Amino acid sequence: MTSPIRTERHGDVLVIVSDSPPVNALGAAVRQGLEAGVKEGVADASITAMVIRCDGRTFFAGADITEFGKPMQEPGLPTVIDMIEAADKPVVAAIHGTALGGGCEVALGCHYRIAVPSAKIGTPEVKLGLLPGAGGTQRIPRIAGVKLALEMTAKGDPISASRAKDAGLIDRLAGEDSLEADAIAFAREVASNRPLPRASEKNVTPDPEAVEAFRKENARRFRGFDAPAANIACVEKAASGASFADGIAFERAEFMKLMMGVQSAAQRHIFFAERQAAKIDDVPADTPLRPIKKVGVIGAGTMGGGISMNFLSAGIPVTIVEMQQDALDRGTGVIRKNYEATAAKGRIKPEAVEAAMGALTPTLSLDDLADCDLVIEAVYENMDVKKELFGKLDTIVKKGAILASNTSYLNVDEIAASTGRPEDVVGMHFFSPANVMKLLEVVRGEKTAKDVLATVMALAKKIRKVAVVAGVCHGFIGNRMLAPRQIEAMKLLMEGATPEQVDKVHVAFGMPMGPFQMSDLAGVDIGWHRDPTRIESIRDALAAEKRWGQKTQAGFYDYDERRNPSPSPRVAEIIEEFRQKSGAPAPREISDEEIVERTLYPMVNEGALILEEGKAQRASDIDVVWIYGYGWPVYRGGPMFWAGTEGLPKIVAGLEKHGCAVARSLKDAAASGGRLK
Ligand code: T1G
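Here is a short report on the structure shown in this document. Per chain, residue numbering runs from 1 following the sequence as it is written. In keeping with the model being predicted, local features are shown solely for residues with a pLDDT of at least 70 and side-chain atom pairs are shown and tallied solely at 80 or more, while totals for entire chains, interfaces and linings include all residues. The side-chain numbers reported here are obtained from all heavy atoms of the structure, hydrogens and water having been left aside.

### A word on the pairing of strand β2 (residues 13-18)
The cut-off we apply is this: Each residue's exposure class comes from its accessible area (1.4 Å probe, protein chains only) as a fraction of the maximum for that residue type: buried when under 20%, exposed when over 50%, partly exposed otherwise. Going along the chain from the N terminus, every DSSP run of H or I of four or more residues is numbered as a helix, and every run of E of two or more is numbered as a strand. In short, DSSP must find at least two bridges between two strands for them to pair.
Of all the six residues making up β2, six are buried; the element is thus mostly covered by neighbouring parts of the structure. Residues Val-13, Val-15 and Val-17 line one face of β2 and the alternating positions Leu-14, Ile-16 and Ser-18 line the opposite face, and both faces are buried. Where strand β1 (residues 5-10) lies against β2, six bridges are found, and the strand directions are antiparallel. Residue Thr-7 lies in a different strand from β2, and its bridge partner there is Ile-16. Hairpin connection between β1 and β2: a loop of two residues separates the two successive antiparallel strands, and Gly-11 in this loop has a positive phi of roughly 65°. As defined by bridge partners, β2 adjoins strand β3 (residues 49-54) across six bridges and the pair is classed as parallel. Of the residues in β3, the one forming a bridge with Val-15 is Val-51.

### Notes on the pattern of salt bridges
Threshold: Salt bridges are defined as contacts in which a side-chain nitrogen from Lys or Arg sits within 4 Å of a carboxyl oxygen from Asp or Glu.
Scanning the model with the defined rule gives 54 salt bridges in all. Measuring nitrogen to oxygen at the nearest pair gives 3.3 Å for the salt bridge that ties Glu-414 to Lys-387. With a gap of 27 residues between them, Glu-414 in helix α16 (residues 412-416) and Lys-387 in helix α15 (residues 383-396) connect regions that are remote in the sequence. When its relative accessible area of 34% is taken as the criterion, Glu-414 is described as partly exposed. By relative accessible area, which is 28% here, Lys-387 ends up partly exposed. Several salt bridges share partner residues, and in doing so they unite Glu-488, Lys-491, Glu-495, Arg-588, Glu-594 and Arg-598 into one network.

### Things to note about the packing of helix α19 (residues 499-509) against helix α20 (residues 515-522)
As a reminder of what qualifies: All axes are obtained by fitting lines to C-alpha atoms, using only the stretch in contact for helices, and the reported angles, taken between N-to-C directions, cover 0 to 180 degrees. For this classification, under 35 degrees means roughly parallel, over 145 means roughly antiparallel, 65 to 115 means roughly perpendicular, and everything else is oblique. By the convention used here, residues are in contact when the closest approach between their heavy atoms is within 4.5 Å. Polar here means any residue other than Ala, Val, Leu, Ile, Met, Phe, Trp, Tyr, Cys and Pro, which are nonpolar, and Asp, Glu, Lys and Arg, which are charged; Gly is therefore polar.
Running from N to C, α19 and α20 cross one another at 100°; their axes reach a closest spacing of 7 Å. On the basis of their axis angle, the class for α19 and α20 is roughly perpendicular. Within the contact between the two elements, α19 uses Pro-499, Val-502, Asp-503, His-506 and Val-507 and α20 uses Pro-515, Phe-516 and Gln-517. Partitioned by chemical class, the residues of the contact of α19 with α20 number five nonpolar, two polar and one charged.

### What about the nonpolar core?
Basically, it comes down to this: Among the buried residues, those of types Ala, Val, Leu, Ile, Met, Phe, Trp, Tyr and Cys that are joined through side-chain atoms within 4.5 Å form a nonpolar core. Domain ranges listed in this record stem from an automatic or a database domain assignment.
Core analysis: the biggest nonpolar cluster contains 87 residues, and Trp-626, Leu-666 and Leu-676 have the highest contact counts within it. Counting residues per element, this core draws most heavily on helix α25 (residues 619-630), at eight residues. There are two domains that each give this core at least three residues, and those are domain 2 (295-475) and domain 3 (498-589). If we ignore the near neighbours within four places in the chain, the residues touching Trp-626 are Gly-478, Met-481, Leu-482, Arg-485, Met-511, Met-603, Gly-631, Trp-632 and Pro-639. One finds Ile-114, Ile-121, Leu-169 and Phe-186 within the second-largest nonpolar core, a separate group that totals 73 residues.

Below is the structure:
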C-alpha cells in the first residue's frame, strides 16, 4: 500500500506532504510516513530546512479516532513529534484548514509555524472526553501562556490563525493561496537560525490565580465531566515548575485514565453517531438535491420566528406569513430583538442584523409563498388546521417545492394526504428555541421522495443543525421516549416522591433539568383540555389553578419574579388531595435508584420499540436525538449507549421489577449479551 506521505525537494528545502483524506488524520501510516520523511530530511546534507504540509481540505485534524481502543501501531504520535522537535534542521508546519488535536501538537513540535489566515488551530480532545496526549498540554502553555492553554485544552474550541499568531502559536501568516511557496520561503529564511526554537525548552510563567479563576468560572459548564479537570491539571503541572519530561509523564498518565474511561467512550460514540445520523441507509449519498434558494415559514410565533432565524443566519431569504398584522409585527420584532441581543454580546456584527432582517419578507398572504423552494408550517398543533393549510399550499406553491410540517407529534402521512404531492411532504421537527437547539428530527413519510430527504438533510447541515431521520409515529423519536418518562414521573408523585426529588435525581444524572422543571419551562398547560372543572390528573389540578409553569410564576414549583423555583406547599396539598381522592395507597419512601429505574429505563424500552418498528435507523440515532434535543449528558453517550454501560440485563430486570412490558429486542439483546443496534 502506498504511503499517504510523500517528500518533494524544492532546492535545499524538503517538503513532506500528507495526502490522507478526508482530514489527514494521524493514523499509523501517516505517522510512519512522517517519521520517514523527517528522517530523510535530517540525513540529507543538501537539505537545510523542511516543511510539513497536507493536501486536501485541512492540515492534520488530529489522531485517527477510529484507532482508539485498538492496539497502537508504532510509532506513537508523541515519538514522531519529539523526533521532529529534536531535528537539527528547522521544520516548518504549513497550516490550512483546521490543525486540531494531534495536528496542533505536530505543529507545536515543529520549530516554526506558518498558516493561511482562514486556518484554525485547536485542541478539541476534551470534547471526546480526552486531553491532548502528545504534548499539547505542555507545549501550549510554554508558548502561549497558562490562560490561553486552559481555554484551548479544557474548552476545546479552536482559535483563528490571527489570534494564534498574536499568542505566538503561529509565527507567520501566509497568502490564502500561496501557503506552500510562502512556507518554503519562510523555511529558507530560518534555515540557518540557531539555536532552533523548541517549545519543550521554554519555561512557563506560573499563574495560579488564572487556574483557580478558570476552575471557578467554568464549574457549572464542566459539571459531571472528567476531562476538563484533567486538562486543567495538566496545564497546572506545566506551570508548576515541573520539567517537560515530568509534565509529559503526568499528561500521559492522565490521558490513559481518560482513554480507558466510560466518558470518553461515550463522547467518541457521539462524535461518530452524529455523523452517521446524517446518512440515510437507502438514500445514495450522491442523490441530486433540490435547490433551496428561498424559504417560506408559516407562523411567526416562537417556533416560526426561531425557524426563520436558522435560514436567515445561513443567508437564505425567508418569507414569513401570519394571519394578523399585529402577530406578524410581534413576530418580526422578536426576530430583530434576538439578533440585536446576539450582536450586543459581540457574537455577530451589527451589519449581520440588518442583513438578516433585510432578507426577511413579512406578509399576510399565503400567495407570497408561490416561489418558495421550501415551505415550513409552524402553526397550531392541530391536525385539521394543518390539513387545511397543506391543502391550500398545494394550490399555491410551485411544483417541486418541499412542503414541511414542524409538527412535534402528528401523523405526517395524514398531512401529506391532504395534498396532491405527498412525495414532496416531510416533517421538520425543530426543538424550542428553534434558533438555538441543534436537533432537527426529519420525519420521513411513507411517500416522502428520496431527493426531498437528501435535500433536507443537506440543508440541516447548512443551517448548523444535527438532523436525525424519524419514522411516522406518535412523538417520532424524542417525544415518544419522553412520554413514558413523564408518565412514570407523575406516578411517582402519587406514590410518595416529590417533584424536587425526581428532578434532583435527573439533574444529578447530568440532565439540564428534571421532568417537572421541564414541564414548568415548556408549560404545564401544553395539551391541556382547558376545562378547569374536568380534573382527571395532578396536571389537570395544577392547570385548573392556572399553575401553568414559569409563565404564571407557578407550576410544579413556585417561582419568584426572577423565576427562581422553590418547592410549593400548594402542590404538595394538590398531590395529597389527589392521592386521597383516587384512593391511592399511603405515600412511601422512594429511593433515587427507583426513580432512575422508573423514569430512565422505560425510555430505553421505548427506544428498543422504536428500533423494532423501524422508526429510527439505528440506536445511535436515538442517542443523537437525546443529546442534541434534550441535553442528555454527552459523557453518558445517549440513552441507548448508556443502557449498554448500565448492562441490558440490569435494565430488563429493573423494568420487570416495576411491571413494565419489556420490548422483545431488548430482552433478546440482554439474554444474548448483545447490544441494541
Ligand atoms: N479521526 C478519524 N476520522 C475523522 C477524524 C479523526 N480525528 N475527524 C474527522 N473524521 C472523519 C469523520 O468521521 C467523517 O467521516 C469525515 O472525517 C469528515 O468529518 C493525540 C488524542 C476536522 C472539523 O477531535 O472536528 O488528536 O462520516 O463530517 O464537518 O492529542 O471532522 O465522512 O466517514 O466532521 O468538515 C482530535 C475531529 C482527535 C477533530 C472537519 N481531533 N474532527 O469537519 O467533516 S484526538 C478532533 C472534526 C487527538 C491527540 C488526541 C471535524 C473537522 P465520514 P466531518 P467537517
